[in-house]
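A structural walkthrough
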Amino acid sequence: MVNESVGFIFISASLINNFVFSTFLGICPFLGVSGKVETAVRMGAAVSFVMLISSLCAFGIHAALDYINAPYLQLISYIVVIASTVQLVEMIIKKFSPALFQALGIFLPLITTNCAILGLALFQTNRGYNFSQSLAFALGAGAGFTFALLLMSSIREHLELSTTPDVVKGAALTLIVAGILSMAFMGFAGLGGSH
Amino acid sequence: MDQPVSPQGPPNMDIFLKGLWKENPTFVQLLGMCPVLAVTNSVINALAMGLATMFVLIMSNLLVSLLRKVIPKQVRIATYILIIATFVTVTDYAIQAISIEVHKSLGAFIALIVVNCIILGRAEAFASKNSPWKSILDALGMGLGFTFAVLCLGVVRELLGNGSLLGIPVFGESFEPWIIMILPGGAFFVLGGWLLLFNWLKIRKSAGVQHG
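The rules behind these values
Residues numbered from 1 in each chain as written. Chains lettered and ligands numbered in written order. Predicted model: local features only at pLDDT ≥ 70, side-chain atom pairs only at ≥ 80, totals over all residues. Heavy atoms only, no water. Helix = DSSP H or I, 4+ residues; strand = E, 2+ residues; numbered from the N terminus. Rg over C-alpha atoms; globule rule 2.2 N^0.38 Å. Contact = heavy atoms within 4.5 Å. Buried area = accessible area lost by both parts, 1.4 Å probe. Salt bridge = Lys/Arg side-chain N within 4 Å of Asp/Glu carboxyl O. Buried < 20%, exposed > 50% of the residue type's maximum accessible area, 1.4 Å probe, protein only. 1 Å grid on protein atoms, 1.4 Å probe; cavity = no way out; pocket = protein on both sides within 12 Å on 5 of 7 lines; lining within 4 Å. Points joined across faces, edges and corners; volume = space filled by probe spheres on them. Nonpolar A, V, L, I, M, F, W, Y, C, P; charged D, E, K, R; others polar. Polar contact = N/O pair within 3.5 Å; in protein donor to acceptor, adjacent residues only side chain to side chain.

**Quick look at the overall build of chain A**
Each helix and strand counted, chain A has eight helices and zero strands in total. Going from the N terminus to the C terminus, chain A shows its helices and strands as α-α-α-α-α-α-α-α. In terms of overall dimensions, chain A is globule-like: its C-alpha atoms have a radius of gyration of 18 Å, near the 16 Å expected for 195 residues. Referenced to the eigenvectors of the C-alpha coordinate spread, the extents of chain A come out at roughly 60 × 45 × 25 Å.

Below is the structure:
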């Protein structure tokens, strides 16, 4: 599937195969920081940025590992790159916006263990995307993740004000809402046409 | 095997049991959600995922615990991740050697065990502070708790979504499978359902304590 167009990859990663609702990547931050719209959007932006950088790095690493013929180092080198990118983002945010740094709290370093990012790097390698395709894939996945967080946090802000039975309070309710959203996202499958 | 009679006897049992139920990583701590939702569309996938995660958990807990006095505090998280990534690479190749079919259906999710927060969480919260023997017990308990949780989801989803259990049809020809259960939406619903059940049990129990 190397000849997919850049536009199709973007739409596919952001809507049809949305990382959160159809491939189940990045569920932890999705459940954890989707309480408030503002934090959710910023979290989405931070994750998108890390995705973009790690996707570019993963592309380079894959080529290098191919060259020295050591595929078994793939996973280890990807995770090291992601961890260092997260560290970088953390320093930037701390310098330029201490308030945001406070708001994101523990979830900022936890971006390292966000499976959406490692998943993105692995998927693009498995599918053999070229440079521009990888770029579109990373942008699409980031946009999709931010969109999912935005939707979820808006719904949860409303739920907070409405009365719900005691039994469903907390994670159970969030998961059921996520299930309904996931069903709604299945509707985008039609966009794929004959692919 | 005779149990060593020492003052640490009962706590050891507690360490093992808490992962299974009271501090179940999936149902109580809500950690490591991604594999729980993604690979539970059949019982066999769920079982493979549970065992693979348990293996990585035990090995990384053991190694982290052995090295706990050597690893400098500043770079501990990076070291843990490297240790975990090494064992996941081992597991990835092992599963590929044992069953190429399971490897195909789990796909990238075997590699994604690296970023399963349960493993890093246990390394940081338990193995870095406790003896190797206790760390193994902790890992075993947590691993079994995780396997139990993925099986809970896997059984319900395969039964309703495919009308079968471990690939063997259960309900006969006339059963119309609930396709939604093996699709992504079903995963959220089933996990939500289990959490509802546990919430309900908890509320009923505390109400019972109050009235009785």
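From this point, things continue past the structure.
**Details of the interface of chain B and chain A**
Tallying the contact residues gives 35 residues for chain B and 37 residues for chain A. Around 3000 Å² of area is buried between chain B and chain A when both sides are counted, 87% of it from carbon and sulfur atoms. Along the contact surface separating chain B from chain A lie zero salt bridges. The set of elements that each furnish at least two residues to the side of chain B that touches chain A consists of helix H2 (33-38), helix H4 (76-98), helix H6 (117-127) and helix H8 (184-211) of chain B.

**A word on the pattern of salt bridges**
All names here are of chain B. Counted under the stated rule, the structure contains four salt bridges over all chains. Across the salt bridge formed by arginine 76 and glutamate 124, the nearest N and O atoms sit 3.0 Å from each other. Here arginine 76, found in helix H4, pairs with glutamate 124, found in helix H6; they are 48 residues apart in sequence, far enough to count as distant. Arginine 76 sits in the partly exposed class, given a relative accessible area of 24%. Taking the relative accessible area as the measure of exposure, glutamate 124 reaches 26% and is therefore partly exposed.

**Quick look at unusual backbone geometry**
In this structure, Phe24(A) is a non-glycine residue whose phi angle is positive, near 55°. The class for Phe24(A) is buried, based on a relative accessible area of 4%.

**As for the layout of surface pockets**
Here the largest pocket is characterised by a volume of approximately 940 Å³. Along the walls of the largest pocket sit 38 residues, with Pro109(A), Leu110(A), Thr113(A), Ile77(B) and Leu120(B) positioned nearest its centre. When residues of the lining of the largest pocket are traced back to their parent elements, those giving at least two are helix H2 (27-32) and helix H4 (74-96) of chain A together with H2, H4 and H6 of chain B. Residues belonging to the lining of the largest pocket are distributed by class as follows: 25 nonpolar, nine polar and four charged.

**Notes on the side chain of Ser14(A)**
Residue and element names in this part refer to chain A. For serine 14, the position within the fold is in helix H1 (residues 6-16). The exposure class assigned to serine 14 is buried, which follows from its relative accessible area of 7%. Separated by 2.9 Å, the side chain of serine 14 and the backbone oxygen of phenylalanine 10 make a polar contact. In this view, serine 14 contacts Gly140, Ala143, Gly144 and Phe185; residues no more than four positions away in its chain are not counted.

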